[in-house]
Structure formats: C-alpha cells, structure tokens
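One letter stands for each residue in the lines below.
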2 protein chains.
Amino acid sequence: MYVGIDVGGTNLKAGLVDEEGKLVRVERVPLDFQGPERFAETLAELSKKVIQGKVRWVGVGLPGAVDGGDVLFTTNIPMENVPLERLFRKHLDLPLLLGNDADCAAVGEFFGGAGKGTRDFAVVTLGTGVGAGIIVDGKLRGGLASSEAGHMVICQDGEPCNCGRKGCWERYASATGLIQQTKRAMEAHPESLLHEFARNGVEGRTAFQAAEAGDETALAVCRNYVGYLASGLASLINILRPEAVAIGGGVAAAPERLLLEPLREAVARESFSRHGGRVTKILPAELGNDAGIIGAALLGRVM
Amino acid sequence: MYVGIDVGGTNLKAGLVDEEGKLVRVERVPLDFQGPERFAETLAELSKKVIQGKVRWVGVGLPGAVDGGDVLFTTNIPMENVPLERLFRKHLDLPLLLGNDADCAAVGEFFGGAGKGTRDFAVVTLGTGVGAGIIVDGKLRGGLASSEAGHMVICQDGEPCNCGRKGCWERYASATGLIQQTKRAMEAHPESLLHEFARNGVEGRTAFQAAEAGDETALAVCRNYVGYLASGLASLINILRPEAVAIGGGVAAAPERLLLEPLREAVARESFSRHGGRVTKILPAELGNDAGIIGAALLGRVM
C-alpha cells in the first residue's frame, strides 16, 4: 500500500492507494500553512490518518518544483529550498517522495487511467496554467527534469507570460487564457449569448456552453481556442512522439464535439507522426481529481 | 567492435568503431541508388571492407524514419517501407540497426563528444533542416519515437513548411533559413558588405563572415537568426529539461561570440530551468562529420 497526498490551493487530500492503483480511503484537511516545520508535521499526521497495514512510502504532489526530498519552490505556498523529507521523517519514518502536481496527474493516469498499457505518455492539464507531465519509457520526467511544456512559445512576440517569455502556450491554452479570450469576445459582441451564460462570471466552460446553444461568437472563441491548444500539442507530439496524450483539467470536460474532435483533426494535420508509422492518440483524462492523489502515491514506481 | 555507416546525400561512409567509440578505419563509396536490394548489398559489401575481428552489429544512419529493421521512408533516396535488415542479412549475417541521421549524431556526441557524462542530452543539427536527436536517461528516442523537434511552430501563421505546418522552427533556424534571411537583407541593403562575402553564392556562414568584418546589416541578420534559434531551443529545453544540448551542423562553426554566446544568454533568459535548479548547458558539438558514423555504430547501446 502507498499514501498519496495532493497539496491543493485550499486543501490537503491524502489517500491510501493499493497495488492496483485503487484509492481505498481518503482524508482531507484545510491547507493552513504556518511554516515548513508545521507543514511537514501536518503531512505526517494526515498520512497516519489513512495508513492501514504496511505502507512503502508517502508521495506528495505539489504545485512547484522538487529535487529528491527537497522542495525547490511552491507557487501557492511560501516555500523555497525546504528539505521536506527530512522534516517529515521527524514525525513519521517513511520515505517521502515529492512530485510536481502535473507530473502526479500523469502518473495517476499512466497507472489507472488514460495511459494504461502505454510506455510513452503525457498528460496536459488545462487549468490556471498548462501543466504537462511526461512519461518516457515508463519513467517520469520528474524532479529536475520535470517538464515546463506550458512555457513553449507558440506565438513569437505574443502575450507576455510571468515566466519572462512572450507568447507561451499556457497564456493561450489554459483555462485562464480561454476566459480572457471569452471576455474579449463579449466586449466585441454585446449581442452574443455569452453574456447570458456569464451572468455569474466568465468561466472556462462559458464559451463551450454558449457554443452548445448555437451562439456564433462563442463558436468562434472555441474554434480559436482549440487552434491554440492544437498548436502547442502538435509541437509537443512532434518533439516527443508519445503513444498517447491525455487532456485533463476543468476545460477538458467540454463537449467532445467542440474540444477533442476538432483538436484531434488539427493535430493530425500538423503532427509529423503521420509520416512515421506512429499516430499519437489524444484522449480525455479519466481520473479527474483523483489522478493527483493516485499519482503521488505511485511516484516511486516511475522513478 | 561495431560498424557504423552514414548514408549521406552523395556518399556512403562506413567506419569500424571500437568499444571506446573511437573510429578505427573508414571506407567510402558513392551513393548510387539502384533499388533497395542492391542498396542492402552495397551496405553489406562496405561493411565487409571495414570489418576486422569480431563485430557485434552494423548500424546505419539515414535521413528519414525507421522502425526496427525497416526503413519507413528516406528523404533523399526513393525508399518506402523497405525491410532493410532482412535484405541486408542475405549478404551479411549480422544485426542491422537503423537510425535517423540526426539521432545518430546525438548518439555519437553522447558517447564520444559534447554529451559525455550526461544521461539526458540532445543534439540540434543546423543544416538543410533542423534535426534533433534526443537521449533520455541514457536511451535514444529513436525509431517511432524519433524526435521531429524541427517541426515545432515558433511563429504562429508563419512561413509555410513542407511538413504542412506554418512557422516551423526549421524554416527559421536551419542553414536554409539563415541563407534566406541573408538574401532578404542583401536585397534591402545594397550597401552591405554581405554582397562581397556572397560573391560565390550565399551560404550559411556568409552573414557571420560579414558580421565579423563589422557590417551592421550582417550583424542584424545574425542577431535575428540567433533569436529564432533561441526561441525553439528554449522551448525544447523547457519541455525536456536535459542536462546539456549540443549544437551541430555547418552553422555551428560560426564564431562563438556571434552564435553560442548570445544564444546562451537568450536561452538563459527564456528557460524555466533557472527556477528549478538545473541549468541546461549549451555546447558546440565536438565530433563534426564523424558523429554520424560513430553514433550509427553505437546505436545498439542506447536502444
């Protein structure tokens, strides 16, 4: 058995995961960050709550960069160069394995979801940013090699990104990018149904909902968005030539007809694999929010 | 001992390579393609010419795509879906290992050049196109997984590429792209020294030569070209986060001050690795034309 902990923006969720990658039980506590020492202790306490029987390690997925048992930095919690495993072991004597959250999602899908049966696999998560977790020959590109595919430039001299580049994929293909594109379309088209669907605020799904209702402006927003998503995805596929890529995150719940179908068509046109005998499958992620916990728990199997 | 054969545009070069990756002897014959059967026989004859002592396999690097012992297609020779190993073994009973030429260059540099001592390494070859060979955890992304990083889009809706995309990296960062950029600058600047250096035709080095002589137009061409090269390279590095990338091909012979130094600066600004503790080294390839033979010979060590 393994413990996986998903460090989210507001909660810590811990799960006990069995050898088959099944989530056996889950516990959660609010994320109340009061320094690395206390955080490590909370991880240990939460682990103890879910542990039953013999556990081989505790895996933790967090938004940021890791190196072995150290956290290099996290994006929503003020941690920098924290020896988290060392702090954790004061409270619970088990190996603590660390992973970036997008990487953990990829590991979860690899063992229990869309990546089952592959050796070369990636998950692209469309959320606040574009996260990518990459598995090559059954091993995760984790730690110092963790992918930052969201920061490939798809548009020279495009919109500034907070990474320092201009025109990064994630500025266009993230939920954040889609929301911005939707808002711009609403300003330009006061007659659009988008305004009705956005009564409680513009979300990632707003454009897809209005497009489903037949709104032309929304349809154009969706088409344009899929174009951005396809551009970076085709480049990623040309570079890595994986067997399959799964698309996860809130936006991935959009109707297949509006998202995955046109995405597959565009990528097929633009990917080199059509020449070379391997056509990369583009699939929906299957595990939803559980992917992070399951992937964190199974980190030790892909290292 | 191993045999490596480099299939070029005009010649076949075979070499005997020892356990240390050293080229012990070389033979070459003109490429006179008269069908797959005869081609396989030529490969066997050429191998026999260099073989001394016990040889474990013959490796062949060619411009195109391969899958196991089959050639899927080649770009300068009319082969498509040719079972080359099967044809070869009629004449010489040794395993025939196949690789794309950019991949073989990467393998050569990995064992005997700029990639020595790394596990995660890439070679970007600037020639007619932009070739990329990628080694992950000591294994080549070869065969069906062979990288087509030259076909990542760096410029949305940019110049059409014969792969079907628009704005591919190789349209801008290859020697071909540089020559085109140089010609355009010459048209716009009849006063430029470029015209003197191009008396025998514009080559990849023309802009660098005129820039060395202090020509402002040429300097601008070089700066602009390095910008394109850096854009794709930073994306590749953000996606893969290798330890080192070597730059090969004719253009890589340009003065370090004009090519590698500004390239390193631009990539350092744009690569995410600066956050994450791993700074990818950008190095000149070391083996020149021998990389292909040596890499082909050592293919079996990275599969």
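Since the structure is predicted, the reported quantities are computational estimates derived from the model, not experimental observations.

Draft legend 1. Molecular detail of the relation of the copies chain A and chain B. For the match of chain A to chain B, the screw axis carries a shift of 0.0 Å, the RMSD comes to 0.0 Å, and the turn is 180 degrees. Between the two chains, the operation in question is that of a two-fold axis. A shared interface surface links the copies, since 100% of the contact residues of chain A are contact residues in chain B too.

Draft legend 2. Region of interest: the side chain of Thr42 of chain A. When you line up the elements, Thr42 of chain A lands in helix H1 (residues 36–50). If near-sequence neighbours (up to four positions away) are discounted, Thr42 of chain A is found in contact with Leu12 and Val29 of chain A.

Draft legend 3. Region of the structure containing the sheet that holds strand E6 (residues 70–74) of chain B. Residues and elements named next belong to chain B. If you walk across this open sheet you meet the 3 strands as E5-E6-E7, and the pairing is antiparallel. At either end of the open sheet lies a strand with only one pairing partner, and these are strand E5 (64–67) and strand E7 (80–82). Across this sheet, the average inter-strand angle for adjacent strands is 20 degrees, counted without regard to direction.

Draft legend 4. Region of interest: the interface of chain A and chain B. The interface of chain A with chain B comprises 38 residues on the first partner and 38 residues on the second. Between chain A and chain B lies a buried interface of about 3500 Å² when both sides are counted; carbon and sulfur atoms form 53% of it. We note a salt bridge from Glu270 of chain A to Arg165 of chain B, for which the minimum N-O separation is 2.7 Å. Joining chain A to chain B, the criterion identifies 24 residue pairs in polar contact (both at pLDDT 80 or more). Of all the secondary-structure elements, those providing two or more residues to the side of chain A that touches chain B are strand E6 (70–74), strand E10 (130–136), helix H8 (216–240) and helix H10 (273–276) of chain A. Here the element with the most residues in the side of chain A that touches chain B is H8 of chain A; it accounts for 9 residues. The residue makeup of the side of chain A that touches chain B, split by class, is 19 nonpolar, 11 polar and 8 charged.

Draft legend 5. Focus on the pattern of salt bridges. Applying the stated rule across the entire model yields 32 salt bridges over all chains. The shortest N-O distance in the salt bridge between Arg199 of chain A and Glu196 of chain A comes to 3.8 Å. A relative accessible area of 66% means that Arg199 of chain A is categorised as exposed. Owing to a relative accessible area of 47%, Glu196 of chain A belongs among the partly exposed residues under this scheme. In this structure, Arg119 of chain B and Asp137 of chain B form a salt bridge, with 3.5 Å as the shortest nitrogen-oxygen distance. A residue pair is termed long-range when its members are at least 10 positions apart, and Arg119 of chain B in the loop between helix H3 (101–112) and strand E9 (121–126) and Asp137 of chain B in the loop between strand E10 (130–136) and strand E11 (139–140) qualify at 18 residues.

Draft legend 6. Spatial organisation of helix H5 (residues 175–188) of chain A. Residue and element names in this part refer to chain A. Its 14 residues place the ends of H5 20 Å apart at the C-alpha level, agreeing with the 20 Å of an ideal helix rising 1.5 Å per residue. Among the residues of H5, Ala175, Gly177, Leu178, Gln181, Thr182, Ala185 and Met186 are the ones counted as buried. Its buried side turned inward, H5 meets strand E9 (121–126), helix H4 (169–173), helix H6 (194–197), helix H7 (206–212) and H8.

Draft legend 7. Just the environment of Ala234 of chain A, in detail. Here Ala234 of chain A shows up in helix H8. Note on Ala234 of chain A: relative accessible area 0%, which makes it buried. The spacing of Ala234 of chain A and Arg223 of chain A is 11 residues in sequence and 16 Å in space, taken between C-alpha atoms. Excluding residues within four positions of it along the chain, Ala234 of chain A makes contact with Val267 and Glu270 of chain A together with Arg165 of chain B.

Rules of the game
Residues numbered from 1 in each chain as written. Chains lettered and ligands numbered in written order. Predicted model: local features only at pLDDT ≥ 70, side-chain atom pairs only at ≥ 80, totals over all residues. Heavy atoms only, no water. Least-squares fit on C-alpha atoms with pLDDT ≥ 70 in both. Contact = heavy atoms within 4.5 Å. Helix = DSSP H or I, 4+ residues; strand = E, 2+ residues; numbered from the N terminus. Pairing = 2+ DSSP bridges. Axes fitted to C-alpha atoms, helices over the stretch in contact; angles between N-to-C directions. Buried area = accessible area lost by both parts, 1.4 Å probe. Salt bridge = Lys/Arg side-chain N within 4 Å of Asp/Glu carboxyl O. Polar contact = N/O pair within 3.5 Å; in protein donor to acceptor, adjacent residues only side chain to side chain. Nonpolar A, V, L, I, M, F, W, Y, C, P; charged D, E, K, R; others polar. Buried < 20%, exposed > 50% of the residue type's maximum accessible area, 1.4 Å probe, protein only. Expected span 1.5 Å × (residues − 1).

By themselves, these figures tell us nothing about what the structure is for.
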